[in-house]
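Structure at a glance
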Amino acid sequence: MLETITPMKTAEAREALLESARKHEPEKRGRKASKEVRQLQLIEATIDSLAKRGYSETTMADVADGAGLSRGIVNFHFESKEKLLVATLAYMADEYAAHWRAALTKAGDDPARQLQALVAADFDRSICNKRKLAAWCAFWGEAKSRPTYQALCGARDAAYQKVFIDLCATLKQSGGYAFEPQVMALALSAMLEGLWLRLMMGTEDVTRETALQAANEFLSSAFPKHYPWPTAGSDKAA
């Protein structure tokens, strides 16, 4: 049966599990590691394979070899490639949601600071790296024909977009802007997704730093009363 994946609520929790997995490296074929550690090893190996081989070429055998585990262990935890991929997508979506929610909380109560924090969070090294961007793109390419993927990410995407809409509405009111909040939020999301795609493609010498700079320029153009660029340190990717 498919094992239930415990949601990874914080970056610290994920790091703790990864560290545990590293400590069990010499005994990967043993039985001492917890189910959660095993699942995380397999999910991380799946992300590696998606980044290296793409969606269609990733196999259960590739994942087992990448994790240094037997193919029987992969089958025990996930039964099939599709269930493994669904678990991997759920893990990545939960990780992304936990990341932006943490950034939002850390920004405090100021709406302008919150929006800036959300934009900067998209280019943090832990989330925005070639390995994970390639895995996301692999899933994006399959989403149209796989309703399970759409359903899995739909609620998370709606919650994320609502935060953008609410922040845009608040900034519109305080700044006296003429835009429609929903339209501005859509433009902001599309801009961020486009920058991710360019980073994944590796074209035009785009880096996390220049992508963040472009995103901040967008904020400055759309909300000039709230973001009188340049602001010291605002274009530095974490």
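Above this note sits the structure.
All of the points below concern the structure found in this document. Small disclaimer: the values here were computed from a predicted structure and weren't measured.

Let us look at the packing of helix α2 (residues 35–53) against helix α5 (residues 81–106). At their nearest, the axes of α2 and α5 sit 10 Å apart, and the two run at 95° to each other. Our classification of the angle between α2 and α5 gives roughly perpendicular. From α2, L40, L42, I43, E44, T46, I47 and L50 reach across to α5, where they touch L84, L85, A87, T88, Y91 and M92. Looking at the contact of α2 with α5 residue by residue, the class counts come to 10 nonpolar, 2 polar and 1 charged.

Moving on, we come to the nonpolar core. Core analysis: the largest hydrophobic core is formed by 64 residues, its most contacted members being L115, F123 and F223. Shared between two domains, this core takes at least three residues from each, and those domains are domain 1 (11–77) and domain 2 (89–222). Look past the residues within four positions of F223 in its chain and what remains in contact with it is L115, C168, L171, Y177, F179 and M184.

On to the pattern of salt bridges, then. Applying the stated criterion to the full structure yields 9 salt bridges. The salt bridge partner of R156 is D94, with a shortest N-O separation of 2.8 Å. On the criterion of sequence distance, the pair formed by R156 in helix α8 (residues 147–175) and D94 in helix α5 is long-range, its members being 62 residues apart. Here K162 makes a salt bridge to D166, at a shortest N to O gap of 2.8 Å. With K162 and D166 both in helix α8, this residue pair falls 4 residues apart, about one helical turn. Accessibility expressed as a relative area gives 34% for D166, which makes it partly exposed.

Here we come to the environment of E142. Relative to the helices and strands, E142 resides in helix α7 (residues 130–143). As for E142 and S56, which are separated by 86 residues in sequence, their C-alpha atoms are 9.6 Å apart. Sequence-distant contacts of E142, defined by excluding residues within four places in its chain, comprise Y55 and Y149.

With that out of the way, let us pick up the packing of α5 against α8. Look at α5 against α8: their axes get within 10 Å of each other, and the N-to-C directions meet at 5°. Compared by their axis directions, α5 and α8 come out roughly parallel. Residue-level contacts link E82, L85, V86, L89, A90, A93, D94, Y96, W100, R101 and L104 of α5 to T148, Y149, L152, C153, R156, A159, Y160 and V163 of α8. Partitioned by chemical class, the residues of the contact of α5 with α8 number 14 nonpolar, 1 polar and 4 charged.

A positive phi angle, near 70°, is found at E79, a position not held by glycine. Mapped onto the fold, E79 is located in the loop between α4 (71–78) and α5.

Moving on, we come to the packing of aromatic side chains. Evaluation of the coordinates by the stated rule reveals 11 aromatic pairs. Seen from their ring centres, W100 and Y160 are 5.1 Å apart, and the 55° between their planes marks the pair as tilted. Of the two residues, W100 sits in helix α5 while Y160 sits in helix α8, which places them 60 residues apart along the sequence. Each member of the pair, W100 together with Y160, is buried. A network of ring pairs unites the aromatic residues Y96, W100, W136, W140, Y160, F164 and W196 as a single cluster. Positioned above the aromatic ring of Y55 is the side chain of K81, whose terminal nitrogen or guanidinium carbon lies 5.5 Å from the ring centre.

Basis of the calculations
- Residues numbered from 1 in each chain as written.
- Predicted model: local features only at pLDDT ≥ 70, side-chain atom pairs only at ≥ 80, totals over all residues.
- Heavy atoms only, no water.
- Axes fitted to C-alpha atoms, helices over the stretch in contact; angles between N-to-C directions.
- Helix = DSSP H or I, 4+ residues; strand = E, 2+ residues; numbered from the N terminus.
- Parallel < 35°, antiparallel > 145°, perpendicular 65-115°, else oblique.
- Contact = heavy atoms within 4.5 Å.
- Nonpolar A, V, L, I, M, F, W, Y, C, P; charged D, E, K, R; others polar.
- Core = buried A, V, L, I, M, F, W, Y, C linked by side-chain atoms within 4.5 Å.
- Buried < 20%, exposed > 50% of the residue type's maximum accessible area, 1.4 Å probe, protein only.
- Domains from an automatic or database assignment.
- Salt bridge = Lys/Arg side-chain N within 4 Å of Asp/Glu carboxyl O.
- Phe/Tyr/Trp six-rings, centres within 6.5 Å; stacked < 30°, edge-to-face > 60°.
- Lys NZ or Arg CZ within 6 Å of the ring centre and 35° of its normal.

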